[in-house]
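# Structural description and commentary
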Amino acid sequence: MGLTASVLAVDAGNSKTDVAVVAADGEVLATARGGGFRPPVVGIETAVDNVAEAVARAFAEAGVSAVGHVSACLANADFPVEEEQLATALHARGWGTSVEVRNDTFAILRAGIPEPRGVAVVCGAGINCVGMRPDGRTARFPAIGRISGDWGGGWGLAEEALWHAARAEDGRGGPTALARTLPAYFGLDSMYDLIEALHLEHVAHRRRHELTPVLFATAVDGDPVARSIVDRMAEEVVAMATVALTRLELLDEEAPVLLGGSVLAARHPQLDDRIRELLAARAPKAVATVVTARPVLGAVLLGLDHVGAAAEAHARARAHYEH
């Protein structure tokens, strides 16, 4: 193996970082896992330090000190200027001759497709969508919350459920079982008690997302308000996918639409069925599948794409992660 033809793949999300050192023939020589990657919270250099710790372990295991190309799919790389800043920071570490940084949603997309062609919608804590074609064209959204037009994701769903439940209890809105099921999850008797507990942080802010499964369970039990929130989530997923397919001129040909992230991977029947129903109407040739492969595989495959690796190398890398 020539070092100049090998790849360091990095998939760095908000909660964890996975890295892999890969030979030119697709053999995975070493892997390591590190902590979360959150430049907006801790700053770029400290965030990259977290990655560096995992890279050092992987390099040591693989017996290398550098590679030819670094393929990094990073959370919080939402705008080209952020990708450039992060690429500069990674390049300064001297891990590889060349560095390519993409948003981490591209890793999920590439992990689920045999060639770099298709669209992925990821719904975890938030929601994001990207698309790509083999000629290098991409489609993407800023995906940084309400100011960029986003709605949904685990946090958004929990917030929407709380909003409806609060209004149901005090009379500003119509009735919904969420007014009972949400506080009951935390052992509380009323939405008033839950609102107070959240406000005073007797229930930690980070635990709000735990209410998303409660929303889905309430929808399964037939609550119309809960069901309407789930239906709206399906609308958002399909809206993003359809726009991305249109931008990439893939709407009129068979193309994969990958569904990833904790909310979509859970395969809630109402959400899953509604997404497929809406896609069939708006993008009839789209083929929807749920991604189960680990995202770091996508970073590996993007790296092998970059170095012009053979199809056998892609297959070998995929077999490592899908065995």
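Quick summary incoming for the structure in this document.

Calculation criteria
- Residues numbered from 1 in each chain as written.
- Predicted model: local features only at pLDDT ≥ 70, side-chain atom pairs only at ≥ 80, totals over all residues.
- Heavy atoms only, no water.
- Helix = DSSP H or I, 4+ residues; strand = E, 2+ residues; numbered from the N terminus.
- Polar contact = N/O pair within 3.5 Å; in protein donor to acceptor, adjacent residues only side chain to side chain.
- Contact = heavy atoms within 4.5 Å.
- Core = buried A, V, L, I, M, F, W, Y, C linked by side-chain atoms within 4.5 Å.
- Buried < 20%, exposed > 50% of the residue type's maximum accessible area, 1.4 Å probe, protein only.
- Axes fitted to C-alpha atoms, helices over the stretch in contact; angles between N-to-C directions.
- Left-handed = near helix turned anticlockwise from the far one by under 90°.
- Nonpolar A, V, L, I, M, F, W, Y, C, P; charged D, E, K, R; others polar.
- Pairing = 2+ DSSP bridges.
- Salt bridge = Lys/Arg side-chain N within 4 Å of Asp/Glu carboxyl O.
- Phe/Tyr/Trp six-rings, centres within 6.5 Å; stacked < 30°, edge-to-face > 60°.
- Lys NZ or Arg CZ within 6 Å of the ring centre and 35° of its normal.
- Expected span 1.5 Å × (residues − 1).
- 1 Å grid on protein atoms, 1.4 Å probe; cavity = no way out; pocket = protein on both sides within 12 Å on 5 of 7 lines; lining within 4 Å.
- Points joined across faces, edges and corners; volume = space filled by probe spheres on them.

## Overview of the side chain of Thr-212
Assignment of secondary structure puts Thr-212 in helix α8 (residues 211-220). Here Gly-154 takes part through its backbone oxygen, which lies 2.7 Å from a polar atom of the side chain of Thr-212. Each residue touching Thr-212, except ones within four places of it in the same chain, is listed here: Gly-154, Leu-157 and Ala-158.

## Some remarks on the nonpolar core
In terms of nonpolar packing, the biggest core is built from 56 residues, with Leu-178, Leu-182, Leu-271 and Ile-275 touching the most fellow members. Sort the elements by how many residues they give to this core and helix α9 (residues 224-247) lands first, with twelve residues. In contact with Ile-275, not counting residues within four places along its chain, are Ala-234, Val-237, Val-238, Leu-259 and Leu-264. One finds Ile-108, Ile-113, Val-130 and Ala-309 within the second-largest nonpolar core, a separate group that totals 30 residues.

## Let's talk about the packing of α8 against α9
Following both chains from N to C, one finds α8 and α9 inclined at 115 degrees, their axes separated by 7 Å at the closest point. In this structure, α8 meets α9 at a crossing whose hand is left-handed. Across the interface between the two elements, Leu-215, Phe-216, Thr-218 and Ala-219 of α8 pack against Ala-226, Arg-227, Ile-229 and Val-230 of α9. Here the contact of α8 with α9 is composed, by residue class, of six nonpolar, one polar and one charged.

## Overview of the pairing of strand β6 (residues 118-123)
A regular strand carries its side chains on alternate faces of the sheet. The buried fraction of β6 amounts to six of the six residues, a majority that puts the element mostly inside the structure. Side chains Gly-118, Ala-120 and Val-122 of β6 all project onto a buried face; the interleaved residues Val-119, Val-121 and Cys-123 project onto the opposite face, where all are buried too. The sheet contact formed by β6 and strand β7 (residues 127-132) spans six bridges and is antiparallel. Counted as the bridge partner of Ala-120 is Val-130 from β7. Taking the residues that link successive antiparallel strands as the turn, the β6-β7 hairpin has three residues.

## Concerning the environment of Asp-272
Positionally, Asp-272 belongs in helix α11 (residues 269-282). With 192 residues separating them along the chain, Asp-272 and Pro-80 place their C-alpha atoms 32 Å apart. Beyond its immediate chain neighbours, meaning those up to four positions away, Asp-272 contacts Arg-267 and Val-290.

## Looking at the sheet that holds β7
The sheet built from five strands is open, its strands ordered β8-β7-β6-β9-β10 with mixed pairing. For this open sheet the edge positions go to β8 (138-140) and β10 (286-290), each flanked by a neighbour on one side alone. Each adjacent strand pair in this sheet contributes to an overall mean axis angle of 15 degrees, direction not counted. Bridge count for β6 against strand β9 (residues 255-260) is four bridges, and the pairing is parallel. Paired with Val-122 across the two strands is Gly-260, which belongs to β9.

## Thoughts on the pattern of salt bridges
Pairs can form between side chains of opposite charge once their charged atoms are near each other. Scanning all chains against the criterion turns up 20 salt bridges. Its salt-bridge partner being Arg-282, residue Glu-235 comes within 2.9 Å of it at the nearest N-O pair. Highlighted residues: Glu-235 in helix α9 and Arg-282 in helix α11, separated in sequence by 47 residues. Judged by its relative accessible area of 29%, Glu-235 falls in the partly exposed class. Using a relative accessible area of 35% as the deciding quantity, one classes Arg-282 as partly exposed.

## Topic: the packing of aromatic side chains
Going through the model one piece at a time under the given rule, you end up with one aromatic pair. Between Tyr-185 and Phe-186, the aromatic rings sit 4.9 Å apart at their centres with planes inclined by 80 degrees, giving edge-to-face as the arrangement. Looking at Phe-186, the relative accessible area reads 15%, which means it is buried. Over the ring of Phe-106 we find Arg-102; its NZ or CZ atom is 5.2 Å from the centre of that ring. Geometry around Phe-141 places Arg-247 over its ring, the cationic atom sitting 4.7 Å from the centre.

## Quick notes on α9
Between the first and last C-alpha of α9 there are 35 Å, a value that for 24 residues agrees with the 34 Å anticipated at 1.5 Å per step. At the N-terminal end of α9, a side-chain oxygen is found 3.3 Å from the backbone nitrogen of Val-225, two or three residues along, and the residue is Asp-223. Of the residues trailing α9, Glu-249 is marked for its positive phi of about 55 degrees.

## Describing empty space enclosed by the protein
Enumeration over the complete set of coordinates arrives at one cavity of 30 Å³ or more. Considered as a void within the structure, the largest cavity measures approximately 40 Å³ in volume. Lining the largest cavity are Leu-259, Val-263, Leu-264, Arg-267, His-268, Leu-271, Asp-272 and Ile-275. If you list the elements that add at least two residues to the lining of the largest cavity, you get α10 (262-265) and α11. Sort the elements by how many residues they give to the lining of the largest cavity and α11 lands first, with three residues.

Geometry only, nothing functional implied.
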